[in-house]
Amino acid sequence: MADYVKTHEDERYLAVWFYNEDEKPLAIGEKMYALNPDAYMNGYNWEALFNYYLGKHAPELLEGLDSDPEAGSYAAYYKPSEENRKKMEKFAEIITYLIENEDVLYRLVQEEGCEIEWD
């Protein structure tokens, strides 16, 4: 798994942590902002983007999802269960896919940015 995304589990929750100030996501976020000035990619706008993307491509991952965006990170939480462990792992895979295939993000903010509820 990439340095910018981590999973964690304990008896209280299953979590996906995305560090948007890590070098690669930060550079991608800067280019996204250049393409769409609404896409200032702090943790809150990553949350908006992920909610939009998941709603279109993996809506089942939004079920039972709680999140905690901050300026430099985004965390997603699920209650512990085997089903939610799979959701956590899938969400981490999606984040990695989007960052490693940044052109998908660039097209998204250019073509669908007006549909995303930016912070």
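Residues numbered from 1 in each chain as written. Predicted model: local features only at pLDDT ≥ 70, side-chain atom pairs only at ≥ 80, totals over all residues. Heavy atoms only, no water.

K.L.:
Kindly report on helix α2 (residues 43–57), identifying the contributing residues and their values.
P.N.:
The end-to-end C-alpha distance of α2, which contains 15 residues, comes to 20 Å, matching closely the 21 Å that a straight helix rising 1.5 Å per residue would cover. Inspection of α2 places Gly43, Asn45, Trp46, Glu47, Ala48, Leu49, Phe50, Tyr52, Tyr53 and Leu54 among the buried residues, and these make up the whole buried set. Next to the buried residues of α2 lie β2 (14–18), α1 (23–35), β3 (66–69), β4 (74–78), α3 (82–100) and α4 (102–111). (Helix = DSSP H or I, 4+ residues; strand = E, 2+ residues; numbered from the N terminus. Expected span 1.5 Å × (residues − 1). Buried < 20%, exposed > 50% of the residue type's maximum accessible area, 1.4 Å probe, protein only. Contact = heavy atoms within 4.5 Å.)

K.L.:
Go over the pairing of β4, please, and point to the residues and values.
P.N.:
For β4, a buried count of four out of five residues is recorded, marking the element as mostly surrounded by other parts of the structure. Sheet analysis places β2 next to β4, joined by five bridges and oriented antiparallel. By the bridge assignment, Val16 is partnered in β4 with Ala76. Note that β3 and β4 share four bridges and pair antiparallel. (Pairing = 2+ DSSP bridges.)

K.L.:
Now, about the pattern of salt bridges: what can you tell me, with residues and values included?
P.N.:
Applying the stated criterion across every chain yields a total of seven salt bridges. Note that Lys56 is salt-bridged to Glu112, the shortest N-O span being 2.9 Å. Taken as a pair, Lys56 in helix α2 and Glu112 in the segment after α4 lie far apart in primary sequence, 56 residues in all. Residue classification places Lys56 among the partly exposed residues on the basis of a relative accessible area of 47%. Connected via shared salt-bridge partners are Glu9, Glu82 and Arg85. (Salt bridge = Lys/Arg side-chain N within 4 Å of Asp/Glu carboxyl O.)

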